[in-house]
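Chain by chain, the residues:
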Amino acid sequence: MGILRGFEKRLEGLVEGFFARALPGGGVQPVELGKRMVRAMEEEKTAAASGATYVPNAFAFNLSHKDHERLSQISSTLRKELSAVARRAVASEGWRMVGPPEIHIVEDTTFKAGTFGITAQFVEAATPEPEAGPQTQLIQMSLDADAELVQIGKTSRTWPLSKEAVVIGRMEGCDIILPDAGVSRRHAEIRREGDEWVVIDLGSTNGTEINGKRVNRHRLTPGDRLALGETTLEFRRP
């Protein structure tokens, strides 16, 4: 379960970035649907012979009559945003889907208010979803985050800066977890200040470098490269 907990921590800010406000009226909240969806993707992922990891792309949420009635008021927006969360999870984790995300909101009277069920399936399209390369990630990540960090090197991953402060480190519980021995448990923080972002070293053992220069605090501009241990991250603003 440790891997799954780490996965949920990495994606928690992503999902909550979409659903920052609770929907009035109690009951099931959109953020709960988003979190359960990405968990289902992780639980039901499968490896192909090519080495690619595929995850479900079609999700049916079964809601009580009361919750279905309440969420149906925003059903179009909800489906759109849940689809975007699925695409972001794919980009973040390096997964692939066999078709575009499909979201279905279904009334199911067997559920009580405040509870819900989910069914995740692989629904193949005529053309599989493209692999999440840097340009695909740029499109997917820019929907509500005005900045992002992209890992440069053999492994390419993207993290949207959808929170006011994002902690980078090796420890489970950080917003961005880097499995790099040269990275401290809590290495650095990326913090929003007005319309800009700054990086702050958190007293790391090996320090934080920006474009080859060691810094304690630095105001980021697009294209800046952060070196933490053996990992390089590039700051971008879509």
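Quick notes on the packing of helix α2 (residues 30-43) against helix α4 (residues 75-93)
Two numbers describe a pair of packed helices, the interaxial angle and the distance between the axes.
Then comes step 1: Direction vectors running N to C along α2 and α4 enclose 35°, while the axes themselves pass 10 Å from each other. Relative to α4, α2 is oriented so that their crossing is right-handed. In contact with P30, L33, G34, M37, V38 and M41 of α2, α4 contributes L78, L82, V85, A86, A89 and V90.
Then comes step 2: Split by residue class, the contact of α2 with α4 holds 11 nonpolar, 1 polar and no charged.

Looking at the sheet that holds strand β7 (residues 158-160)
Then comes step 1: Taken in spatial order, the 6 strands of this open sheet run β7-β6-β16-β15-β12-β13, and their pairing is antiparallel. At either margin of the open sheet sits one strand with a lone partner, and together these are β7 and β13 (213-215). Neighbour to neighbour, the strand axes of the sheet diverge by 30° on average, direction disregarded.
Then comes step 2: Bridge count between strand β15 (residues 225-228) and strand β16 (residues 231-236): 4 bridges; the pairing is antiparallel.

Considerations on the nonpolar core
Then comes step 1: Counting 23 residues, the largest nonpolar core has L33, M37, M41 and F61 as the members making the most contacts within it.
Then comes step 2: Of the residues forming this core, the biggest block, 6 residues, is contributed by α4.
Then comes step 3: Every residue in contact with L33, bar those within four places of it in the chain, is listed here: V28, F61, L63, L71, L78, L82 and F116.

What about the side chain of S204?
Then comes step 1: Mapped onto the elements, S204 comes out in the loop between β11 (196-201) and β12 (208-210).
Then comes step 2: At 2.6 Å, the side chain of S204 and the side chain of D201 are in polar contact.
Then comes step 3: A polar contact is formed between the side chain of S204 and the backbone nitrogen of G207, at a distance of 3.0 Å.
Then comes step 4: Beyond its immediate stretch of four places on either side in the chain, S204 contacts S184, H187 and R214.

Thoughts on the pairing of β15
Then comes step 1: Across the two faces of β15 the burial differs, with L226 and L228 buried and R225 and A227 not buried at all.
Then comes step 2: Relative to β15, β12 runs antiparallel, the two sharing 3 bridges. Note on β15: the bridge partner recorded for T208 is L228.
Then comes step 3: Here β15 hands over to β16 after 2 residues, with G229 in that stretch at a positive phi of 60°.

Here we look at the confidence of the model for the protein chain
Then comes step 1: Of the residues in the protein chain, 81% have a pLDDT of 70 or more, and the chain-wide mean is 82.
Then comes step 2: Note on residues 132-143: pLDDT is under 50 here. Beyond four places in sequence and across chains, it has 27 contacts.

Quick word on the pattern of salt bridges
Then comes step 1: For the structure shown, the criterion picks out 14 salt bridges.
Then comes step 2: Between R36 and E43 there is a salt bridge; the shortest N-O distance is 3.7 Å.
Then comes step 3: For E43, a relative accessible area of 43% gives the class partly exposed.
Then comes step 4: A salt bridge links E93 to R157; the nearest nitrogen and oxygen atoms lie 3.3 Å apart. On the criterion of sequence distance, the pair formed by E93 in helix α4 and R157 in the loop between β6 (148-152) and β7 is long-range, its members being 64 residues apart. In this pair, the class of E93 matches that of R157, namely buried.

What counts, and where the lines are drawn
Residues numbered from 1 in each chain as written. Predicted model: local features only at pLDDT ≥ 70, side-chain atom pairs only at ≥ 80, totals over all residues. Heavy atoms only, no water. Axes fitted to C-alpha atoms, helices over the stretch in contact; angles between N-to-C directions. Helix = DSSP H or I, 4+ residues; strand = E, 2+ residues; numbered from the N terminus. Left-handed = near helix turned anticlockwise from the far one by under 90°. Contact = heavy atoms within 4.5 Å. Nonpolar A, V, L, I, M, F, W, Y, C, P; charged D, E, K, R; others polar. Pairing = 2+ DSSP bridges. Core = buried A, V, L, I, M, F, W, Y, C linked by side-chain atoms within 4.5 Å. Buried < 20%, exposed > 50% of the residue type's maximum accessible area, 1.4 Å probe, protein only. Polar contact = N/O pair within 3.5 Å; in protein donor to acceptor, adjacent residues only side chain to side chain. pLDDT = per-residue confidence, 0-100. Salt bridge = Lys/Arg side-chain N within 4 Å of Asp/Glu carboxyl O.

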